[in-house]
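Structural features, examined
One-letter residues, chain by chain:
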Amino acid sequence: MKLGGLEIALIVLAIVLIFGVGKLGQVGGALGKSIREFRRERDKKDDSDTALAEVKSERPAAKSTKEKFCPSCGSKISANAKFCMECGAKMGDFS
């Protein structure tokens, strides 16, 4: 939908008839302020969405709560452990 000169002139005429010549400046100012505020809020939302996505991507993967036992000493260790806390054995050695 494209607006030509005639359409714009009719819209301006309707606004002048509705609000009067004295209020035209106030209406234009309020419209401009509304557009600026809308853009500012839209930019904030875009920034917060980007920041939220960055925070989510930086979070470490959730550690499993399952436990297993060290094959070297038999101590209970977490499933994500790379070393045994009791004997210091590397868990990759026993997989």
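In the block above lies the structure referred to throughout.
In short, a report on the structure. Treat the numbers as computed from the prediction; the structure is a model and nothing was measured. (Residues numbered from 1 in each chain as written. Predicted model: local features only at pLDDT ≥ 70, side-chain atom pairs only at ≥ 80, totals over all residues. Heavy atoms only, no water.)

Regarding its fold elements, the protein chain presents two helices and two strands. Taken from N to C terminus, the helices and strands of the protein chain fall in the order α-α-β-β. A burial count over the protein chain gives 7% of its 95 residues as buried. Pairs at least 24 apart in sequence give 0% of the contacts found in the protein chain among residues at least 6 apart. Summed over all atoms, the accessible surface of the protein chain reaches about 8300 Å², with 59% contributed by carbon and sulfur. (Helix = DSSP H or I, 4+ residues; strand = E, 2+ residues; numbered from the N terminus. Buried < 20%, exposed > 50% of the residue type's maximum accessible area, 1.4 Å probe, protein only. Contact = heavy atoms within 4.5 Å. Areas by Shrake-Rupley, 256 points an atom, 1.4 Å probe, with all protein chains shown as cover.)

On to the state of the cysteines, then. Applying the stated criterion across every chain yields a total of zero disulfides. Unpaired in this structure, C87 has its nearest cysteine sulfur neighbour in C84, at a distance of 3.7 Å. With relative accessibility at 37%, the residue C87 sits in the partly exposed group. (Disulfide = S-S within 2.5 Å.)

Mapping C70 onto the fold places it in the loop between β1 (67-69) and β2 (76-78). Along the primary structure C70 and F83 are separated by 13 residues, whereas in three dimensions their C-alpha atoms are 8.8 Å apart. Setting aside residues no more than four positions away along its own chain, C70 makes contact with S75, I77, C84, C87, A89 and M91.

Moving on, we come to the side chain of S75. In this structure, S75 sits in the loop between β1 and β2. Judged by relative accessible area, S75 falls into the buried class, the value being 17%. If we skip the residues at most four places from it in the chain, S75 touches K68, F69, C70, C84 and E86.

A few words now on a nonpolar patch on the surface. Judged by side-chain polarity, L3, I8, I11 and V12 come together as a nonpolar surface patch covering roughly 340 Å² of accessible area. Considering the arrangement of structural elements, one finds L3 in the segment before α1 (5-19). The partly exposed category is assigned to L3, whose relative accessible area is 48%. (Patch = residues over 30% accessible without salt bridge, like charges linked within 9 Å, V, L, I, M, F, W, Y side chains within 5 Å. Salt bridge = Lys/Arg side-chain N within 4 Å of Asp/Glu carboxyl O.)

On to the pattern of salt bridges, then. Going through the model one piece at a time under the given rule, you end up with two salt bridges. Here K44 and E41 are joined by a salt bridge, their closest N and O atoms 3.6 Å apart. On the criterion of helical spacing, the pair formed by K44 and E41 is a turn pair, its members being three residues apart in helix α2 (residues 24-58). With its nearest N and O atoms 3.7 Å apart, the salt bridge here joins R42 to D43. Since its relative accessible area comes to 37%, D43 is described here as partly exposed.

To continue, consider the environment of P71. Tracing the backbone shows P71 in the loop between β1 and β2. Each C-alpha atom of the pair P71 and M91 lies 8.4 Å from the other, and the pair is 20 residues apart in sequence.

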